[in-house]
Amino acid sequence: MSFTLNGQTHDIPDDWREETLLVLLREHFNLVGAKFGCGVGLCGACTVIVDGVATRSCITLARDVDGGTVRTVEGLAGEDDLHPVQQAWLDLSVPQCGFCQAGQIMSAVALLENRSRPSEAEIEEAMDGNLCRCGTYPRIRAAIARLVEASI
Amino acid sequence: MKRRTFLAGVGGGIFALIGAGTLVYSQIPVIPKRPEPDAKTAIGWISFNNNRFSLTLPRVEMGQNIATGLKQIACTELGADWDRVDVAFHDTGMDRVKATVGSESMMLFAEPLAQACASLRDALEAGRDSGEIAVTPRPGSELRAMKKCGYIGRSPEIVQGQDIVTGRPLYAGDVMRSGQLFGRVLRAPESVERSTRPLSWNADDARTVPGFVAIVEDCGPAIGKAQGLGIVAERSGALDAIAEALAVSWDVTGTPENVDIQETIDIDANLAAGGLPHSVLDGVPEDGKYDVDQRLDVPLAAHSPIEPRVAVAEWQGGALTVWSGTQDAFYVRDVLLDAFGADGVTLQSMRVGGGFGGKVSATVELEAAALARGVGAPVKVQWTRAQEFTLGYHRPPASHRVRARVFDGKVTDWDHGQVSSHIFFTSAVAPKWMQRATDALIGDDGVARGMVPPYALGRARAAYDVKRLAVHTAAWRGLGAGPNGLAIECAMDEAARVANEDPLEFRLKHIDDRLLRAVLQRVAEISDWEHPPCYEDGLRKGRGIACGIYKGTSYAAVVADVAVEDNGATKVEKLWCAHDCGMVVNPDQVRAQCEGNLAWSIGMIFTDNLPTDKGVVMAQTFIDAPIPRNSDVPDMVIELVESARAPQGAGETAIVAGPAAIANAIRAATGVRIEQFPLKQGDLAV
Ligand code: FES
Ligand code: FES
């Protein structure tokens, strides 16, 4: 089994197939951007993009991404520049503790790739599954709004 | 199966021999030491080498972005460019600093840091380039960082911001030591106040789980009275399956006190049974009927940081190193030393993925250290969300009754009673015998925090009691100040109605403190208080106001607009907050703290509730104990009022006013005065 991870092809070793994608990423590939927050798909801290869709890696099995394309927060930035979503997050100082933010960013990236001008309802639908206990929600919306404006 | 030794073979050839528990852990709690910072200690926080400065943070970074704020102080005082100062998190090799609690980092640490930086600057200017510098304290007025210059009053890019948005390892859970394994300590699904211990388990089945490494019987001190059984695996993903296969049966003895939490703390039952022992205000209201007579209850609630507690422990010979996102590295180090008597313990503090007062005691650190010792390899322990709910300590439930008499447009008599559970003398740390002494002698100032209203209220009495419960309670954002502010500000709103006065004017009439008056007046201006929203599109709309002072130092006033549908569905549409914490070092991050407090205010009104049954926490996931979502938290306008004072705290101020502003808006929209929080949708249905 193999998959594309942040643009590179990798094997999924046999004995990792039944692990969750989150465990595979963190413990096999040492990519720790995606976080464990609840383990049951309810907080969004583990969000990565699988075949273009924001996906909870804690409830996705490694074998289910066989042949697929996985993008994590570590793969967003270019050589010299941050991804525009990452930059907007910094410009508006969105993170407080930061623990939820990799997941927030991946949900926002997936949203903006699928909809260049998302409606308020679409933003709500895309972002409501990503919990933030620090309360950075208004800044998350402001960052998305800024990106939408910039894309026009 | 009785205590014995296990030998577990693993695919990779690791063998772990784990001895049965021989250690008896001390029953005497380690008391946290909380030294006040001074300029002398501060010299250990800043150094100069190779033409660069290095700032070792004396505080824990948990999202208040104090790393950024203190770097601003250091850069300004040193006269150094932003890029010339590196920031590191402290370990316990540094001189002891007190826990990062109580929103006091700027208040207490900014000036000592500035003093140390000023002396270092002098020494460098005098041509010194090595050795230790003595701090010569100078008058505060001579410190550059205590004025609006340099980086003060600005909002540079937050420290570690790049690392956060690119997913670099920052948190304890991201630590990966060579040969690291993953562990968990299983405990009985019971109240932590019952004596429980593992009785028997199915080791053979557990061993068949791929990735199984070991069962560890000596897995550290009990949590409360819950003794555990440790398991270790090659990957974290195997732990659930091992736990299931083990099917531990538990020996359960003892009946915890006060399993019916609601009944135990019921204010009216307690008042009927006699007085409340701890007095906060000792005025004597006149007998007779009250104009306002209001009950208000908040339940037990979980901190619910998105990062569950997590630690990595590694032994090298007799020396122990632990990585943890704790709010109190030195206390946790002391507890580890007490428990393991190691040759040396170093605790490396890591970025905390949300603290809110919840990460102060020693839990996962002890578990990880015991398991690492058991298997002879580094071990990471991360609590599951369910463990967070069942084994953590929580916001105490509180039951209030506030009575007020109004005459001639003023409150003449005030009587506020409260029953809650411990905060400072938490059952999570203090055994019953110790708590009995504190109960008899001093009560619990954490519960009392914010119980003195910021108003002149005539003959005013306030008193409380604390009860030990079957679920552990302790510090939460703002301690008692959030619920106390809610109770006081709802009652003031009712008193204004009795007086038939505008709630803003009515409050102002009772306030002497000019700083509190100022934030109230300012929030009224920015929200256009005179022009509240009205009924539209089948929505009941209303506006509410509230204010408060936190720890006598920081001020906030909040206005909330709400819209209520016929079915009772309620939305906070907008929030305005005026906030005064004296001189502002970083306006953007003070705003961020206000925003966080307002999100927590929404939580207090709509979600915060940790369900229990007979003293057992029933919540397993965020479905059972939800927190506010993105769409629950509206846009906010934050206005910083900057009185001419040294920097004060900002992390827990607006929570004294936000919840009541929302509750008062709901009252204005619907006529309903909520008495039981969180609000249930049906409460407001028509
Ligand atoms: S950890 Fe995956 S949704 Fe919470
Ligand atoms: S920034 Fe702390 S949980 Fe979102």
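Every chain is numbered independently, its residues counted from 1 as its sequence is written. Throughout, the order in which chains and ligands are written sets their labels, letters from A for the former and numbers from 1 for the latter. The predicted origin of the model limits local features to residues at a pLDDT of at least 70 and limits the giving and counting of side-chain atom pairs to 80 or more, whereas totals for whole chains, interfaces and linings rest on all residues. Side-chain descriptors were evaluated using all non-hydrogen atoms of the structure, hydrogens and water having been removed beforehand.

Let's talk about the overall build of chain B
Tallying secondary structure elements over chain B gives 18 helices and 25 strands in all. Here the C-alpha radius of gyration of chain B, 26 Å, is about what a compact globule of 686 residues would show, namely 26 Å. Each of the three principal axes of chain B carries a C-alpha extent, and together these read 80 × 70 × 50 Å. Pairs of residues are marked as contacts when any of their non-hydrogen atoms sit within 4.5 Å. The long-range fraction of contacts in chain B, counting pairs at least 24 apart against all pairs at least 6 apart in sequence, stands at 79%. When the accessible surface of chain B is summed, it comes to about 24700 Å², and 49% of that surface belongs to carbon and sulfur atoms. Side-chain charges in chain B split into 69 positive and 86 negative, and the spacing between the mean points of these groups amounts to 3 Å. Strands here mean DSSP runs of E at least two residues long; helices mean DSSP runs of H or I at least four residues long; both are numbered from the N terminus. The reference for a compact globule is 2.2 Å times residues^0.38; the radius of gyration itself is calculated from the C-alpha atoms. For accessible areas, the Shrake-Rupley method is used with a probe of radius 1.4 Å. Any residue's cover is judged against the shown protein chains and nothing else. In this tally, Lys and Arg are treated as positive and Asp and Glu as negative; His is ignored, and so are the chain termini. Note that the charge is assigned to NZ on lysines, CZ on arginines, CG on aspartates and CD on glutamates.

Examining the overall build of chain A
A tally of regular secondary structure across chain A gives five helices and five strands. Counting from the amino terminus, helix and strand elements in chain A follow one another as β-β-α-β-β-β-α-α-α-α. Since a compact globule built from 152 residues should have a radius of gyration of about 15 Å, the 15 Å found for chain A is in line with a globular shape. Counting only C-alpha atoms, chain A reaches 45 × 30 × 25 Å along its principal axes.

Some remarks on the side chain of Ser554(B)
Residue and element names in this part refer to chain B. Structurally, Ser554 is set in strand S21 (residues 554-564). Whenever a nitrogen or oxygen atom comes within 3.5 Å of another N or O atom, the pair is scored as a polar contact, on the condition that within protein one atom can donate a hydrogen and the other can accept it, and that pairs from neighbouring residues in sequence are kept only if both atoms are in side chains. Separated by 2.6 Å, the side chain of Ser554 and the backbone oxygen of Gly649 make a polar contact. Discounting chain neighbours no more than four positions away, the residues touching Ser554 are Gly548, Ile549, Asp580, Cys581, Gln648, Gly649 and Thr653.

Overview of the domain arrangement of chain B
All names here are of chain B. Considered domain by domain, chain B is made up of domain 1 (39-166), domain 2 (173-255 + 309-382) and domain 3 (261-301 + 394-684). The centre of domain 2, based on its C-alpha atoms, is set 37 Å off from the matching centre of domain 3. Of the residues lining the interface, eleven residues belong to domain 2; the matching set on domain 3 comes to twelve residues. Once two parts are put together, the accessible area they lose, assessed with a 1.4 Å probe and summed over both, is termed the buried area. Both sides together, the interface formed by domain 2 and domain 3 hides about 810 Å², and carbon and sulfur atoms give 58% of it. Taken as a group, Ser191, Glu193 and Phe356 account for 58% of the area that domain 2 buries against domain 3, more than any other trio of residues on that side. Each reported salt bridge corresponds to a side-chain nitrogen of Lys or Arg within 4 Å of a carboxyl oxygen of Asp or Glu. One can count one salt bridge joining domain 2 with domain 3. The tally of links from domain 2 across to domain 3 stands at four residue pairs in polar contact (both at pLDDT 80 or more). Amino acid classes used here: Ala, Val, Leu, Ile, Met, Phe, Trp, Tyr, Cys and Pro are nonpolar; Asp, Glu, Lys and Arg are charged; the rest, including Gly, are polar. In the side of domain 2 that touches domain 3, the residues fall into four nonpolar, five polar and two charged. Where each domain starts and ends comes from a domain assignment, either automatic or drawn from a database.

Description of the side chain of Glu494(B)
Residues and elements named next belong to chain B. Its place among the elements puts Glu494 in helix H14 (residues 481-499). Overall, the relative accessible area of 13% leaves Glu494 in the buried class. Once you skip the residues sitting within four places of it in the chain, Glu494 turns out to touch Val292, Gln294, Arg667 and Arg673. Working definition: with a 1.4 Å probe on protein chains only, accessible area under 20% of the residue-type maximum means buried, over 50% means exposed, and in between means partly exposed.

Describing the packing of aromatic side chains
Residues and elements named next belong to chain B. Between rings of Phe, Tyr and Trp, where Trp is taken as its six-membered ring, a pair exists when centres lie within 6.5 Å; planes separated by under 30 degrees are stacked, by over 60 edge-to-face, and by other angles tilted. Counted under the stated rule, the structure contains nine aromatic pairs over all chains. Plain terms: the ring middles of Phe48 and Phe53 are 4.8 Å apart, the flat faces sit at 50° to each other, and that makes the pair tilted. By relative accessible area, which is 4% here, Phe53 ends up buried. The rings of Phe356, Trp476 and Trp600 are connected pair by pair, giving a single aromatic cluster. Directly above the ring of Trp82 sits Lys71, whose terminal nitrogen or CZ lies 4.3 Å from the centroid. Criterion for a charge above a ring: Lys NZ or Arg CZ within 6 Å of the ring centre, and within 35 degrees of the ring normal. A cation over a ring is seen here: Arg309 above Tyr393, with NZ or CZ 5.9 Å from the ring centre.

Considerations on the environment of Leu229(B)
Residues and elements named next belong to chain B. Within the secondary structure, Leu229 is located in strand S9 (residues 229-233). What makes Leu229 buried here is its relative accessible area of 1%. As a C-alpha pair, Leu229 and Asn630 span 401 residues in sequence and 39 Å in three-dimensional space. Once residues within four sequence positions are removed from consideration, Leu229 is found in contact with Arg184, Val185, Leu186, Pro198, Trp201, Ile215, Val216, Glu217, Cys219, Leu246, Val248 and Trp250.

Comments concerning the sheet that holds strand S15 (residues 344-349) of chain B
All names here are of chain B. The seven strands are arranged S8-S9-S6-S16-S13-S14-S15 in an open sheet whose pairing can be described as mixed. Both edges of this open sheet fall to strand S8 (212-216) and S15, since each of them pairs with a single strand only. Strand after strand, the sheet turns through a mean of 25° between neighbouring axes, direction not considered. In this scheme, strands are said to pair when DSSP sees at least two bridges between them. One ladder, built from five bridges, connects strand S6 (residues 181-186) with S9; its direction is antiparallel. Bridge pairing in S9 places Phe182 opposite Ala233. To obtain each axis, a line is fitted to C-alpha atoms, and for helices this fit is confined to the stretch in contact; angles are then taken between N-to-C directions over 0 to 180 degrees. Against the sheet, helix H9 (residues 329-340) touches strand S13 (310-316), strand S14 (319-324) and S15, its axis set at about 150° to S15. Contacts between helix H10 (residues 364-375) and the sheet are confined to S6, S8, S9, S13, S14, S15 and strand S16 (379-382), with S13 contributing the most and set at about 35° to the helix.

Comments concerning the interface of chain A and chain B
On the side of chain B, 60 residues touch chain A, which itself brings 45 residues to the contact. Here chain A packs against chain B, burying approximately 4300 Å² in sum over the two surfaces, 55% of which is carbon and sulfur. Ionic pairing is found between Asp174(B) and Lys35(A), a salt bridge with its closest N-O pair at 2.8 Å. On the surface where chain A and chain B come into contact, there are 29 residue pairs in polar contact (both at pLDDT 80 or more). Listed by contribution, the elements that provide at least two residues to the side of chain A that touches chain B are helix H1 (21-28), helix H2 (84-91), helix H3 (101-114), helix H4 (120-127) and helix H5 (137-151) of chain A. For the side of chain A that touches chain B, the element with the highest residue contribution is H5(A), accounting for five residues.

Some thoughts on the domain arrangement of chain A
Residues and elements named next belong to chain A. What the domain assignment reports for chain A is domain 1 (2-75) and domain 2 (84-150). Taking the mean C-alpha position of each, domain 1 and domain 2 sit 20 Å from one another. Between domain 1 and domain 2, the residue contacts involve 16 residues of the former and 14 residues of the latter. Of the charged contacts, one joins Glu113 and Arg71 as a salt bridge, the two residues approaching to 2.8 Å between their closest N and O atoms. The interface formed by domain 1 and domain 2 holds four residue pairs in polar contact (both at pLDDT 80 or more) in total. Counting residues per element, the ones that place at least two in the side of domain 1 that touches domain 2 are strand S3 (47-50) and strand S4 (53-56). Split by residue class, the side of domain 1 that touches domain 2 holds eight nonpolar, five polar and three charged.

A few points about the pattern of salt bridges
If the charged atoms of two oppositely charged side chains come close together, the side chains can form a pair. All names here are of chain B. All chains considered together, the criterion is met by 59 salt bridges over all chains. Between Arg295 and Asp266 there is a salt bridge; the shortest N-O distance is 3.4 Å. Here the residue Arg295 occupies a position in strand S12 (residues 292-298), and Asp266 occupies one in the loop between helix H7 (261-265) and helix H8 (267-272), the gap between them amounting to 29 residues. Through salt bridges with shared partners, a single ionic network connects Asp266, Asp268, Asp293, Arg295, Asp297, Arg401 and Arg403.

Quick word on the packing of helix H2 (residues 66-78) of chain B against helix H3 (residues 105-125) of chain B
Residues and elements named next belong to chain B. It is the contact of H2 with H3, at a shortest axis distance of 8 Å, that shows an interaxial angle of 30°. Relative to H3, H2 is oriented roughly parallel. Considering only the axes of H2 and H3, their crossing is right-handed. On H3, the residues that touch Ile66, Gly69, Leu70, Ile73, Ala74, Glu77 and Leu78 of H2 are Ser105, Met106, Ala110, Leu113, Ala114, Cys117, Ala118, Leu120 and Arg121. Orientation labels follow simple angle bins: below 35 degrees gives roughly parallel, above 145 gives roughly antiparallel, 65 to 115 gives roughly perpendicular, and whatever is left gives oblique. Note on convention: the crossing is left-handed when the near helix lies turned anticlockwise from the far helix by less than a right angle, right-handed when the turn is clockwise.

Here we look at H2(B)
All names here are of chain B. Taking 1.5 Å of rise per residue, 13 residues should cover 18 Å, and H2 covers 18 Å from first to last C-alpha, within 8% of that figure. Of all 13 residues in H2, 13 are buried; the element is thus mostly enclosed. Backbone geometry just after H2 places Gly79 at a positive phi near 70°. What a helix is expected to span follows from its residue count: subtract one and scale by 1.5 Å.

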